[in-house]
Amino acid sequence: MNFKIAIIKGDGIGPEVVTEAMKVLSRVAEKYGHTFDFQEVLAGGCAIDAYGECLPQSTIDTAKAADAVLLGAVGGPKWDDVPGDQRPERALLGLRKELALFANLRPAILYEELSQACPLKPELVRGGLDLLVVRELTGGIYFGEKKTGEDADGKYAYDIERYSEKEIRRIAQVAFDMAMLRSKKVTSVDKANVLDSSRLWRAVVNDVAKDYPEVEVNHFYVDNAAMQLVRDPRQFDVICTSNLFGDILSDEASQVTGSIGMLPSASLTTGNFGMYEPVHGSAPDIAGQNKANPMATILSAAMMLRYTFSLKEEADDIEAAVRSVLADGYRTPDLLSNESDPEGLRQIGTVECGNLIADRIY
Ligand code: NAD
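Anyway, here's the lowdown on the structure attached to this text.

### Structural notes on the sheet that holds strand β8 (residues 185-190)
Taken in spatial order, the 10 strands of this open sheet run β2-β1-β3-β12-β11-β4-β5-β10-β8-β9, and their pairing is mixed. Looking along the sheet, the strands with just one partner apiece sit at the ends: β2 (35-40) and β9 (216-221). Adjacent strand axes in the sheet meet at a mean angle of 25° when their direction is disregarded. In terms of strand pairing, strand β5 (residues 129-136) meets strand β10 (residues 238-241) through four bridges, oriented parallel. Across the sheet, V133 pairs through a bridge with I239, a residue of β10.

### Topic: the site of the ligand
In the vicinity of the ligand, 20 residues are found, and the nearest of them are V74, E89, G281, A283 and N293. One of the side-chain N or O atoms of H280 is found 3.2 Å from a nitrogen atom in the ligand. Look at the ligand: alone it shows 800 Å² of surface, and the protein chains cover 67% of it. Split by residue class, the shell around the ligand holds nine nonpolar, seven polar and four charged.

### Details of the packing of aromatic side chains
Scanning the model with the defined rule gives seven aromatic pairs in all. Relative to Y158, the ring of Y156 lies with its centre 6.3 Å away and its plane at 5°, an arrangement referred to as stacked. Assessed through its relative accessible area of 26%, Y156 is described here as partly exposed. With 5.7 Å between their ring centres and 80° between their planes, F220 and F236 make a pair best called edge-to-face. Remark: F236 occurs in the loop between α8 (222-231) and β10 and F220 occurs in strand β9; sequence separation between them is 16 residues. Overall, the relative accessible area of 12% leaves F220 in the buried class. The rings of F3, F36 and F309 are connected pair by pair, giving a single aromatic cluster.

### Structural notes on the packing of helix α1 (residues 14-32) against helix α11 (residues 312-327)
Following both chains from N to C, one finds α1 and α11 inclined at 130°, their axes separated by 11 Å at the closest point. When the interaxial angle is binned, α1 and α11 end up oblique. For α1 against α11, the interelement crossing comes out right-handed. Along the contact surface, α1 presents V24, V28, K31 and Y32, while α11 presents E313, E314, D317 and I318.

### With respect to the pattern of salt bridges
Counted according to the given criterion, the structure contains 24 salt bridges. A salt bridge links K23 to E20, with the nearest nitrogen and oxygen atoms 2.6 Å apart. Here the residue K23 and the residue E20 both occupy positions in helix α1, the gap between them amounting to three residues, near one helical turn. A relative accessible area of 26% means that K23 is categorised as partly exposed. As a salt-bridge pair, E165 and R169 come within 3.0 Å of each other at their nearest N and O atoms. Placement of both E165 and R169 in helix α6 (residues 165-181) is noted, with a separation of four residues, approximately one turn of the helix. Since its relative accessible area comes to 43%, E165 is described here as partly exposed.

### Describing the environment of Y307
Inspection of the secondary structure puts Y307 in helix α10 (residues 295-308). Taking the C-alpha atoms as reference points, Y307 and V189, 118 residues apart in sequence, are found 23 Å from one another.

### As for helix α4 (residues 90-98)
Taken residue by residue, α4 has A91, G94 and L95 as its buried positions. The arc that holds the buried residues of α4, viewed along the axis, is 100°, so those residues lie on one side. Summarising the contacts, the buried residues of α4 are in contact with β1 (2-10), β3 (68-73) and β12 (274-278). The positive-phi residue at the C-terminal boundary of α4 is A100, with phi of around 55°.

Calculation rules
- Residues numbered from 1 in each chain as written.
- Predicted model: local features only at pLDDT ≥ 70, side-chain atom pairs only at ≥ 80, totals over all residues.
- Heavy atoms only, no water.
- Pairing = 2+ DSSP bridges.
- Helix = DSSP H or I, 4+ residues; strand = E, 2+ residues; numbered from the N terminus.
- Axes fitted to C-alpha atoms, helices over the stretch in contact; angles between N-to-C directions.
- Near = heavy atom within 4 Å.
- Polar contact = N/O pair within 3.5 Å; in protein donor to acceptor, adjacent residues only side chain to side chain.
- Areas by Shrake-Rupley, 256 points an atom, 1.4 Å probe, with all protein chains shown as cover.
- Nonpolar A, V, L, I, M, F, W, Y, C, P; charged D, E, K, R; others polar.
- Phe/Tyr/Trp six-rings, centres within 6.5 Å; stacked < 30°, edge-to-face > 60°.
- Buried < 20%, exposed > 50% of the residue type's maximum accessible area, 1.4 Å probe, protein only.
- Parallel < 35°, antiparallel > 145°, perpendicular 65-115°, else oblique.
- Left-handed = near helix turned anticlockwise from the far one by under 90°.
- Contact = heavy atoms within 4.5 Å.
- Salt bridge = Lys/Arg side-chain N within 4 Å of Asp/Glu carboxyl O.
- Arc of directions from axis to C-beta.

Here is the structure:
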């Protein structure tokens, strides 16, 4: 099969980690007889340097014409003095908007090999952990009407949480579709005991559930969900929630995984088009030193194969290769804590990590 992938390497460690992901994708293409047509374009600080703007129209056009986008990270101290609305990070918001990416997928996977890096008690995560937070990305309180004003009581400010049935239905459908690819369980998170918007959320999720009779659905209030994530995280498979609650819960869930260098993400729109990127930023403190962990980006590429290209076996292959490299004791510096590490771990750099993963796909 042939796929066009828009490649946005970005700034800092972005080019280093994306290069390793492309290496792994090329190996997958070779093994399975696919063609990945990589189309490199600029966004972020490097685009400001080259074109005077963080998200040139040519980048948007290439991304729209592609089957998927793979992005590294943008930003860095070099562009600290650029005015707010032109900062490198604005490119991300611009891409989300232009590509209508309304669903954010953040898996939190704790590999057994990294379990010593998990802050939870070992018995809570024995056997590893694998859950997926599906967060609504373009609606809710972050995009609702907002105002700061003053009246007889002094200053006031408000932000409105508003969701339409259409917005809830489409994010719920993504969550249920994901659950069908996984363990067939959706936990919808809301605050329906207090909020009208949550009561609509819950009703629409229940309605969508009727189309997925194989999927078990339950509902948690957000305060309980936050507690359960650290009390018994293995009870979750897919968590479906709003923009605000998802922002908080996805960060909480990610903390159980050990390192930010391990966390992939996807942002999807209708028709399976998606932008795939590691959760981390451009890490200017380690850029250009061959120290960055490329696994989050490589795992983001695996998500791209699974969710946009429907290449399940190929995605499984990449994930198995990552596990195998960890199981053999190889670690980039971010995964080494020194005190509690088991014996026999070997420190590797970004390039060696990419090579080891690619070499396990044959
Ligand atoms: P960061 O994620 O870049 O770095 C936080 C810490 O994690 C640093 O110590 C860094 O060295 C480490 N780290 C991050 N990724 C790593 C990896 N793959 N391997 C090993 N260690 C890793 O967050 P920050 O320092 O707050 O932000 C730096 C820049 O990145 C800022 O300009 C910020 O705006 C930008 N940023 C971009 C994105 C994005 O492009 N999606 C996301 C977050 C931050």
